[in-house]
Amino acid sequence: MKNNTPSITSDPFAGMALTGWYPGHMLKATRQMQEAVSLVDLIVELVDARAPASTRNPEIRRSFPNKPFLLVANKTDLADHAASRLWEKWFAEQGERAFFLDARRIANVRGLAGLWRQIVLESRAARGVTRPLNRPVRLMIVGVPNVGKSTLVNRLHSRNKAKVGPKPGVTRHNQWIALDNDVELLDTPGILWPRILDKKHELLLTLLGIMKEDLIQPTLVVEYFCWIVHRLGNSEAVAWDALGLTTTPKDGAELLNALAQRRGLLLPGGIPDLDRAAIAIIKDFRNARLGRITFEMPPKATE
Ligand SMILES: Nc1nc2c(ncn2[C@@H]2O[C@H](COP(=O)(O)OP(=O)(O)OP(=O)(O)O)[C@@H](O)[C@H]2O)c(=O)[nH]1
Ligand SMILES: [Mg+2]
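Residues numbered from 1 in each chain as written. Chains lettered and ligands numbered in written order. Predicted model: local features only at pLDDT ≥ 70, side-chain atom pairs only at ≥ 80, totals over all residues. Heavy atoms only, no water.

**A closer look at the pattern of salt bridges**
- For the structure on display, the rule yields 20 salt bridges.
- Here the salt bridges share partners, and the residues they tie into one network are Asp-11, Asp-198 and Lys-200. (Salt bridge = Lys/Arg side-chain N within 4 Å of Asp/Glu carboxyl O.)

Laid out in structure tokens, this is it:
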């Protein structure tokens, strides 16, 4: 019998099995990060500007409440501009210092780098430390996988030292890098938190390339994509026409079928190949062909 309880209709993903993905190398990386914290003056946590809350590791700030800390929301070039402004305002209201970044723009990166020494010096002054800092500022770049940590490090370093790639898990070890402008920087592997308790959260992290993608059916990721943009009232922001569609699909099934037909992705007997359609949609999304989309809004947005 069909279950029509409101909670199920409002969250079609509730009750689906979680992947529970938390590989051993992330546990090891988390321990190494915790050990290295005492060596640094500042923790810089990178999150994805398209989902600044869901891509934030809640344990980092909580574990080191007294360490100078800066939140950096990267990939702003892929996020909705107005939504990023609302997030900026919200972080400011929370008393949290947050910097919105496009790590591929050098001028933007330089602006960020200018802040680091200032934050460290301010925090020394607040603690009553009067002696000057006669050594480079040491900072640590942390965050979930694939958020652009190594890209940022490379932007600051003339000889592109850190390996980058469009997949989670490119950086495997902590790596110290000395920059020209009096900064020593520790690039760390991306880490997730051990327990993600909501299927929607796993689906969002997969869509953003943060969770390994072969753990979840691509068709489910596309269903989530459609659901979330409709739910946020954002479906008009999606460049459906880039997929060759002339109308906004009402849900994932309609989108997958339309795209399979449109691109001739058919199985024997003319059946639409929904898996291939889903992979094509995710690829176009990742290549920024579907427009600038933010997937969550700050709590109680005031504008
Ligand atoms: N559009 C856009 N892409 C970015 C930005 N920053 C990084 N990228 C891309 O995101 C992908 C991941 O970048 P990495 O620097 O390897 O990410 P990481 O956080 O070091 O990843 P791990 O080492 O896996 O933890 C690469 O394909 C980058 O080119 C940005 O600001 N905008
Ligand atoms: Mg990396």
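**Considerations on the pairing of strand β4 (residues 137-143)**
- The element β4 is largely enclosed, with a buried count of six among its seven residues.
- Pairing between strand β1 (residues 42-48) and β4: five bridges, direction parallel. Bridge pairing links Leu-46 to Gly-143 in β4.
- Here five bridges tie β4 to strand β6 (residues 183-187), and the two strands are oriented parallel to one another. Within β6, the residue paired with Met-140 across the bridge is Leu-186. (Buried < 20%, exposed > 50% of the residue type's maximum accessible area, 1.4 Å probe, protein only. Helix = DSSP H or I, 4+ residues; strand = E, 2+ residues; numbered from the N terminus. Pairing = 2+ DSSP bridges.)

**Side note on the site of ligand 1**
- Taken together, 23 residues surround ligand 1, and among them Asp-77, Lys-149, Thr-151, Gly-169 and Thr-171 come closest.
- Backbone polar atom of Ala-103 to an oxygen atom of ligand 1: 2.9 Å apart, as the coordinates give it.
- Here an oxygen atom of ligand 1 and a side-chain polar atom of Thr-151 are 2.6 Å apart.
- If ligand 1 stood free it would expose 660 Å²; the protein chains cover 91% of that surface.
- The cavity that encloses ligand 1 is the largest pocket.
- Considering every element that reaches the shell around ligand 1, the biggest residue donor is helix α6 (residues 149-156), with three residues.
- For the shell around ligand 1, the class distribution of residues is eight nonpolar, nine polar and six charged. (Near = heavy atom within 4 Å. Polar contact = N/O pair within 3.5 Å; in protein donor to acceptor, adjacent residues only side chain to side chain. Areas by Shrake-Rupley, 256 points an atom, 1.4 Å probe, with all protein chains shown as cover. 1 Å grid on protein atoms, 1.4 Å probe; cavity = no way out; pocket = protein on both sides within 12 Å on 5 of 7 lines; lining within 4 Å. Sits in = over half its atoms within 2 Å of the grid points. Nonpolar A, V, L, I, M, F, W, Y, C, P; charged D, E, K, R; others polar.)

**Brief notes about the domain arrangement of the protein**
- Considered domain by domain, the protein is made up of domain 1 (24-187) and domain 2 (217-286).
- Centre-to-centre separation of domain 1 and domain 2, based on C-alpha positions: 34 Å. (Domains from an automatic or database assignment.)

**Things to note about the packing of helix α8 (residues 218-231) against helix α10 (residues 274-286)**
- The interhelical angle for the contact between α8 and α10, taken along N-to-C directions, is 55 degrees, at an axis separation of 8 Å. Classified by the interaxial angle, the pair formed by α8 and α10 is oblique. Remark: the crossing between α8 and α10 carries left-handed chirality. Taking contact as the criterion, the partners of Pro-218, Thr-219, Val-221, Val-222 and Phe-225 in α8 are, on α10, Leu-274, Asp-275, Ala-278, Ile-279, Ile-281, Ile-282 and Phe-285.
- Each residue belonging to the contact of α8 with α10 can be placed in one class, and the counts come to ten nonpolar, one polar and one charged. (Axes fitted to C-alpha atoms, helices over the stretch in contact; angles between N-to-C directions. Parallel < 35°, antiparallel > 145°, perpendicular 65-115°, else oblique. Left-handed = near helix turned anticlockwise from the far one by under 90°. Contact = heavy atoms within 4.5 Å.)

**Some details on the side chain of Lys-149**
- In this structure, Lys-149 sits in helix α6.
- The side chain of Lys-149 sits in the buried core without any salt bridge; Asp-187 is the nearest counter-charge, 6.0 Å away.
- Apart from the residues lying within four places of it in its own chain, the contact partners of Lys-149 are Leu-46, Ile-141, Val-142, Gly-143, Val-144, Asp-187, Thr-188, Pro-189 and Gly-190. (Lys, Arg positive; Asp, Glu negative; His and termini not counted.)

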